[in-house]
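Inside the fold
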Amino acid sequence: MSEVLHVKGRILLGPEDIRDELWVVDGRISYDRPTTARDVRTVQGWTLPGLVDAHCHVGLDAHGAVPRDVAEKQALTDRDAGTLLIRDAGSPSDTRWIDDRDDLPKIIRAGRHIARTRRYIRNYAHEIEPEDLVAHVAREARRGDGWVKLVGDWIDRDLGDLSACWPRDAVEAAIAEAHRLGARVTAHCFAEDSLQDLVEAGIDCIEHATGLTEDLIPLFADRGVAIVPTLVNIATFPKLADGGESRFPRWADHMRRLHERRYDTVRNAYDAGIQVYVGTDAGGSLAHGLAAAEVAELVTAGIPPLQALSAATWAAREWLGRPGLDEGAPADLVVYGTDPRADVRALAAPQRVMLNGRIVG
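Residues numbered from 1 in each chain as written. Predicted model: local features only at pLDDT ≥ 70, side-chain atom pairs only at ≥ 80, totals over all residues. Heavy atoms only, no water.

This paragraph deals with the side chain of Asn233. Within the secondary structure, Asn233 is located in helix H6 (residues 231–234). For Asn233, a relative accessible area of 8% translates into the label buried. Side chain to side chain, Asn233 and Asp281 meet in a polar contact 2.9 Å long. Non-local contacts of Asn233, meaning those with residues more than four positions away in its chain, are made with His208, Thr280, Asp281 and Leu286. (Helix = DSSP H or I, 4+ residues; strand = E, 2+ residues; numbered from the N terminus. Buried < 20%, exposed > 50% of the residue type's maximum accessible area, 1.4 Å probe, protein only. Polar contact = N/O pair within 3.5 Å; in protein donor to acceptor, adjacent residues only side chain to side chain. Contact = heavy atoms within 4.5 Å.)

Below you can see the structure in the form of structure tokens.
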């Protein structure tokens, strides 16, 4: 038998499900003391399942795909901050090699972004027209890990503002095809006018969702559409607006208004029963390792601390179909010195990070 780890203190299996100890045997969690353990190492503190960043881009920077060594540094930064499960919400890089590394976070991929021609960041997406959307969605559904990522809106240079990228019939057919292939669909959406068509077409999730208005909230709640607000990214809107105001003043004003109401948008969504999950949008222009900051932003928006914590741990793992601190699950966990339920800022200072039963940080 390999080294056995004994984790003591307060083991937070769920918001109200707490144990005093667990054991890590051959990299997996057990709640039964092993009878043949000889070499036992003890770790003590407040223990959570590894954090989830449900909107992260490993293998991507502001200019497009990055070399493998840069992608490795990105993944290590997330890991050392306690993020052990990532939903990679669009990347042009092939990061499958990470699956062979037991010291790097586990990744759920959404393939490459699918955008309208000249309507997204250069070098990021497949840039296509509506008649090709179904075929590209099918391709990325087969390449991904159960998710596909659309760009639902972006600046229209002729209009000078954000506008929807796809006609209703195109997204209906594309989402139906993804679902037929067993994949869920999410979409980048900043503005208001793309949301109703996407939700009524059957989309599963909306990224950012800054354009979510009071009249649309009941539709999201009724259809069970989740949101990943990426508030640490939305904080950059004023700077973006300042940089683009001379060319696109209408767009700049729109971005500022979306930013100003960001906390109300998230709180109203939560109050209506919409599922809200933690995502940082790391890997474009944002640094990695920001999941703790995003949890704190959700609390600032008015989401109760325990629910904000769950949005990065128990609820997020259930949503993505991955285990938490379950019997027999891989021992992917983070140990803190203080109770993160009492103050989510504790998430910014992990004492121990364990991945596949190995202490890696």
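Read on, since the account is not over.
Before going further, it helps to spend a moment on helix H3 (residues 168–180). An α-helix turns once per 3.6 residues; consequently, residues spaced three or four apart project the same way. When the terminal C-alpha atoms of H3 are compared, their 18 Å separation across 13 residues agrees well with the 18 Å that a helix rising 1.5 Å per residue should span. Turning to H3, its buried residues number three or more, namely Ala170, Val171, Ala174, Ile175, Glu177 and Ala178. Along the axis of H3, the buried positions cluster into a sector of 160°, meaning they face one direction only. Of the exposed residues in H3, those oriented more than 90 degrees away from the buried face are Asp169 and Arg180. On its buried face, H3 sits against helix H2 (133–143), strand E12 (147–151), strand E15 (184–189) and helix H4 (195–200). Trailing H3 by a residue or two, Gly182 shows a phi angle of about 85°, which is positive. (Expected span 1.5 Å × (residues − 1). Arc of directions from axis to C-beta.)

As a further point, take the packing of aromatic side chains. Scanning the entire structure with this criterion turns up 6 aromatic pairs. When the centroid spacing of 4.8 Å and the interplanar angle of 70° are considered together, the rings of Phe190 and Phe237 count as edge-to-face. Of this pair, Phe190 sits in the loop between E15 and H4 while Phe237 sits in helix H7 (residues 237–244), and the two are 47 residues apart along the sequence. In terms of burial, Phe190 and Phe237 fall into one category: buried. (Phe/Tyr/Trp six-rings, centres within 6.5 Å; stacked < 30°, edge-to-face > 60°.)

Glycine aside, residues mostly have negative phi angles, and peptide bonds mostly take the trans form. For Asp26, which is not glycine, the phi torsion reads 50° and is therefore positive. Residue class for Asp26 comes out exposed when judged on its relative accessible area of 54%.

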